[in-house]
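Notes for the structure review
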Amino acid sequence: MAERTEYILSKKGEDKKKYDKAAARYDFFEFPMEVLAFSKWRKLLFGKVEGELILEVGIGTGKNIPYYSNGEYIGIDISRKMLEKAKDRVEKLGRKIDLIQCDAELLPFRDEVFDAIVSTYVFCSVENPVRGLKELYRVLKPNGRVYFLEHMRCENEIGGKVLDALNPIARLFGPEINRRTVENIRKAGFKIAEEKWLLTSVFRFIVAEKG
Ligand SMILES: C[S@@+](CC[C@H](N)C(=O)[O-])C[C@H]1O[C@@H](n2cnc3c(N)ncnc32)[C@H](O)[C@@H]1O
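As a starting point, this report considers the structure included with it. Quantities reported herein were computed from a predicted structural model and do not represent experimental measurements.

1. Here's the deal with the overall build of the chain
Check the secondary structure of the chain and you find six helices and seven strands. Seen in sequence order, the chain has helices and strands lined up from the N terminus as α-α-β-β-α-β-β-α-β-α-α-β-β. Whereas a compact globule of 211 residues would reach a radius of gyration of roughly 17 Å, the chain reaches 16 Å, a difference of no more than 12%. Along the first, second and third principal axes, the C-alpha set of the chain runs to 45 × 40 × 35 Å.

2. A word on the packing of aromatic side chains
Applying the stated criterion across every chain, the model contains twelve aromatic pairs. For the pair Phe109 and Phe114, a centre-to-centre distance of 5.1 Å together with 85 degrees between the ring planes defines the contact as edge-to-face. Three or more aromatic residues link up through ring pairs in this structure, and these residues are Phe38, Trp41, Tyr121 and Phe203. Across the ring face of Tyr137, the terminal group of Lys210 is positioned such that the distance to the ring centre comes to 4.6 Å.

3. A few points about the pairing of strand β1 (residues 53-57)
The buried fraction of β1 amounts to four of the five residues, a majority that puts the element mostly inside the structure. For β1 and strand β2 (residues 72-77), the ladder comprises five bridges, and the chain directions are parallel. The partner of Ile54 across the bridge, within β2, is Tyr73. Pairing of β1 with strand β4 (residues 114-120), which is carried by three bridges, proceeds in the parallel orientation. In the strand pairing of β4, Glu56 is matched with Val118.

Reading guide: rules and limits
- Residues numbered from 1 in each chain as written.
- Predicted model: local features only at pLDDT ≥ 70, side-chain atom pairs only at ≥ 80, totals over all residues.
- Heavy atoms only, no water.
- Helix = DSSP H or I, 4+ residues; strand = E, 2+ residues; numbered from the N terminus.
- Rg over C-alpha atoms; globule rule 2.2 N^0.38 Å.
- Phe/Tyr/Trp six-rings, centres within 6.5 Å; stacked < 30°, edge-to-face > 60°.
- Lys NZ or Arg CZ within 6 Å of the ring centre and 35° of its normal.
- Buried < 20%, exposed > 50% of the residue type's maximum accessible area, 1.4 Å probe, protein only.
- Pairing = 2+ DSSP bridges.

As C-alpha cells, then:
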C-alpha cells in the first residue's frame, strides 16, 4: 500500500482521542512514577541537552518544562487537551515556548532546523514510530542530537513475552509496551551515541545522532 494511503487510513484519530481523554488526570496518575524515577531521569536528560533551537516532540502536559536547558524551545503534541495543560504550565513558569498541535509523523518544519530534539515516553505511542523518527531525522541539523527517555520491550526473552501478552491491554489506554525502540531509531537512519538502562532494559535513556 502506498505510504500516503496507509497514512490516511491510519487510526490516528483514536490515539488522539485517548490522549485528549487522559489529559485531565495524566499528571495525577503519573505522580508516583514521577516522584520515584521520572523526575531524576528528566534531570539526567536535560543536563546533556545543548543548542539554541530545540524541539520537544510529544510535550504532553509539559512535565519537562521545569528541566529545560537554556535555548529556545518549541513543543508539539497531537493532542489539543494535552497542549492546553502544557500552556498552563508555560504560563505558570513564565517561559516563552511555542506550542503547536501536529503529528510527529508529519512535522510542519523545514529540513535541518533544530540543534537538538527531545522526546520522553512518546515513541511507545506514535502510531508509525519509524515514520515519526524519520521526521525527527529530517528536521535535525546534521550535527544535532536527539535525546530520548523511552520504555520498550525488554531484552530478557521471558520478560519480553510477558510484555507482548500485556500489550493489547496497555494499548487500550495509549502506549504500546513491547516496541523495539532502539531498533526503530536505527531504522530511521540514526546511530546510537549513548544508551543507558535506567530500570532493567525497559526504561532507557538514549542519545541518537545522524548516521
Ligand atoms: C505518555 S505521554 C508523554 C508526555 C510527556 N512527553 C511526558 O514525558 O510526560 C505521550 C504523549 O505523546 C503524544 N503523542 C502520541 N502520538 C503522537 C504523535 N503521533 N505526534 C505527536 N504527539 C503524539 C500524546 O498526545 C502524549 O501527550
